[in-house]
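Listed below, chain by chain, are the residues.
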Amino acid sequence: MDVSGGSGQPRSGNDEPAEHPAGPTAPVTGPTSHGGPRPERPEDPAPPRDAHGTDRAPEDRPPEGRSPDGDASTPDASTPQPEAGPADSSPPVSSPAGSSPPSSGPAASDPGGSSPTGPGDRHDGSSPAHPEHPDQPDAPGHRDDPEHPEHRSLAHSGIAKGEPPQPRPKEPGGGILMGRPFGVPVYVAPSWFLVAALITWVFGGQLDRVLPELGAARYLVSLFFAVAFYASVLVHELAHTVAAIRFRLPVRRIQLQFFGGVSEIEKEAETPGREFVLAFVGPLLSLALAGLFYLAMQPVQPGTVPGVLLAGLMVSNLIVAIFNLLPGLPLDGGRMLRAVVWKITGRPMSGTVAAAWVGRALAVSVLIGLPLLNQSGALGGGGGETSGMDTVTDALLAAILAAIIWTGAGNSLRMARLREHLPELRARNLTRRAVPVETDTPLSEALRRANAAGARALVVVDADGHPLSLVREAAIVGVPEHRRPWVAVSGLAQDLTDGMRVSAELTGEELLDTLRATPATEYLVVEETGEIYGVLSAADVERAFVKAMARPVA
């Protein structure tokens, strides 16, 4: 079965903080107010000395034109300046991977989803806008941290209260890479070896009844069957993958794992018709494989090893197809039901809710009904001849399948909720107000200007006002207040790359995709004209992403 995901999740995060964007790269038209005149540079300053008369290290010296006690005309940086512009009164936006995967981040939520194939195939598939910010003569950009209403000043807390944002960890490949058919990596998860051993043991016991003369060699035949069965599962997943590629949907990977396979499709189909086709091709190909194995059985003697293998592969592919056609998420049949309800109601969310609840009912039915059917002999068992071990095995299998279906249905609901609120994630609304400062500006003076303007970010610019770098929030937090008058902002800044310039117009999935392309902790947000709008923190996007995931659906 395939997994269609989207955003994120953060694969959270991902999953991971969200990842990061490219925007316009045109320079700003010029710096905004610098908060006061620059001190004049002494012609030949003597090196400062400490109380014992020894020279201080260069890094301990104050920037040119400043005394160790700071500029007498400038308030101390540790004094909070609580006033903020009108933009800061806008509603807060709180903060993703599970998926993701975003994803995943937002993870991600990866915001991609995932869904099992084996007996079960899976498919899975923000913050409120606030008023526009009035122009700020001293600080382009806008808003305060949504999660911290107490809002300590920039100078006092180092821009934001709390821990510095952590970079998103690299996502694991997902197991052993087996190849890249159609350019999509195929991984075998470690859990596959467990289920392969289980299939080898169970099928070997059946072979002992049918072909007792094989002896211990029956386990080699059983292992071959396990590998061939998962090759059939891979074909099922490739059907989803080819359909996704045909519809121009990106496929992150295929993973063979416990009880099946997963095709991780990173975006949702655009129409219910495409969603239906994308889900149906997997079971259809499994039915075709069952038919091929049936035809191959005809000239083969039934009591031979080839005959038993072909019969087993025919039955297993038939079971995979029928099971995946059951109308509940995360199975392929659930995706098909979702597409039908989507078509009728015009709302994909309605289809997801209906198919997810049917999936949960299906999970309960599997948990109770599968052991009863096996004991009754309806599934080909021995009826009353079943042993205690067989009963335990049936119950364990039913519990695992029910857990997979129930969890997959819940994940589908969560991803649908995220997609419904994802358009509310807007770079413009999440951006922090920033002030431009020149490279040799002392940190204490830069923080004073930021607090006076109600800003929570610093952008380092050249003499012409072109942005050069962003002062890192984590770096500011690490500088003690008594050292800030002697530390220039340029030493705490990260140079801007093209990927760290984000358009203020980016929203939703486009914003998350842009952030993923260039992972960073802060981004420069610019208008279409190239003017600085503010600074976007990955931590703020993460919080908004998580809030979108948790918000109930109307």
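Anything mentioned here points back to the structure above.
Rules and cut-offs
- Residues numbered from 1 in each chain as written.
- Predicted model: local features only at pLDDT ≥ 70, side-chain atom pairs only at ≥ 80, totals over all residues.
- Heavy atoms only, no water.
- Axes fitted to C-alpha atoms, helices over the stretch in contact; angles between N-to-C directions.
- Helix = DSSP H or I, 4+ residues; strand = E, 2+ residues; numbered from the N terminus.
- Left-handed = near helix turned anticlockwise from the far one by under 90°.
- Contact = heavy atoms within 4.5 Å.
- Nonpolar A, V, L, I, M, F, W, Y, C, P; charged D, E, K, R; others polar.
- Phe/Tyr/Trp six-rings, centres within 6.5 Å; stacked < 30°, edge-to-face > 60°.
- Buried < 20%, exposed > 50% of the residue type's maximum accessible area, 1.4 Å probe, protein only.
- Core = buried A, V, L, I, M, F, W, Y, C linked by side-chain atoms within 4.5 Å.
- Parallel < 35°, antiparallel > 145°, perpendicular 65-115°, else oblique.
- Patch = residues over 30% accessible without salt bridge, like charges linked within 9 Å, V, L, I, M, F, W, Y side chains within 5 Å.
- Areas by Shrake-Rupley, 256 points an atom, 1.4 Å probe, with all protein chains shown as cover.
- Salt bridge = Lys/Arg side-chain N within 4 Å of Asp/Glu carboxyl O.

S.K.: Help me understand the packing of helix 6 (residues 332-345) against helix 7 (residues 348-376) in this model?
M.R.: Helix-helix packing is characterised by the crossing angle of the two axes and by the distance between the axes. In contact at an axis separation of 7 Å, helix 6 and helix 7 are set at 140° when each is read in the N-to-C sense. Taken as a pair, helix 6 and helix 7 cross one another with a handedness that is right-handed. For the pair helix 6 and helix 7, contact is made by G334, L337, R338, V341, W342 and T345 and by P348, S350, G351, T352, A354, A355 and V358, respectively. Classifying every residue of the contact of helix 6 with helix 7 by side-chain character gives 7 nonpolar, 5 polar and 1 charged.

S.K.: Is there a simple way to explain the packing of aromatic side chains in this structure?
M.R.: Geometry of an aromatic ring pair is reported as the spacing of the ring centres plus the angle between the planes. Counted under the stated rule, the structure contains 6 aromatic pairs. A ring pair is formed by W192 and Y230, whose centres lie 5.7 Å apart and whose planes are at 90°; its orientation type is edge-to-face. Here W192, found in helix 2 (residues 190-210), pairs with Y230, found in helix 3 (residues 218-246); they are 38 residues apart in sequence, far enough to count as distant. Comparing W192 with Y230, the two get one shared label, buried. Through pairs of rings, three or more aromatic residues link up here, namely W192, F193, F203, F225, F229 and Y230.

S.K.: Where do I start with the nonpolar core in this structure?
M.R.: Most often, soluble globular proteins keep nonpolar side chains buried together rather than apart. By size, the foremost hydrophobic cluster in this structure holds 32 residues, and its most contacted members are L425, V459, L470, L511, Y523, L524 and L536. Residue assignment for this core shows that the elements contributing at least two residues are helix 8 (388-421), helix 9 (427-430), strand 9 (457-461), helix 12 (508-517), strand 13 (522-526), strand 14 (532-537) and helix 13 (538-550). Core analysis: the next-biggest nonpolar cluster, separate from the first, contains 25 residues, V195, L207, F225 and A290 among them.

S.K.: Would you mind showing me how to read unusual backbone geometry here?
M.R.: Leave glycine aside and you will find that most residues have negative phi; peptide bonds, for their part, are mostly trans. Cis geometry is adopted by the peptide bond preceding P330, which originates at L329 and carries an omega value of 10°. If you trace the backbone, P330 turns up in the loop between helix 5 (305-324) and helix 6. Unlike most non-glycine residues, F182 shows phi in positive territory, near 60°. Although it is not a glycine, R248 adopts a positive phi angle of roughly 60°.

S.K.: When you look at the packing of helix 2 against helix 3 in this model, what are you seeing that I'm missing?
M.R.: Viewed as axis vectors pointing N to C, helix 2 and helix 3 meet at an angle of 130°, and their least axial separation amounts to 8 Å. Of the possible angle classes, the one that applies to helix 2 and helix 3 is oblique. In terms of crossing hand, the pair formed by helix 2 and helix 3 is right-handed. Contacts from W192, V195, A196, I199, T200, W201, F203, G204, L207 and D208 in helix 2 reach R218, Y219, V221, S222, L223, F225, A226, V227, F229 and Y230 in helix 3. Classifying every residue of the contact of helix 2 with helix 3 by side-chain character gives 15 nonpolar, 3 polar and 2 charged.

S.K.: Looking at this structure, how should I read a nonpolar patch on the surface?
M.R.: Together, V364, L367, I368, L372 and W406 make up an exposed nonpolar region whose accessible area comes to about 490 Å². Per-element tally for the nonpolar patch: the top contributor is helix 7, with 4 residues. Along the chain, I368 turns up in helix 7.

S.K.: In this structure, what is going on with the side chain of T352? I would like to understand it.
M.R.: On the secondary structure map, T352 appears in helix 7. Beyond its immediate sequence surroundings of up to four residues, T352 is in contact with L329, R338, S412, L413 and A416.

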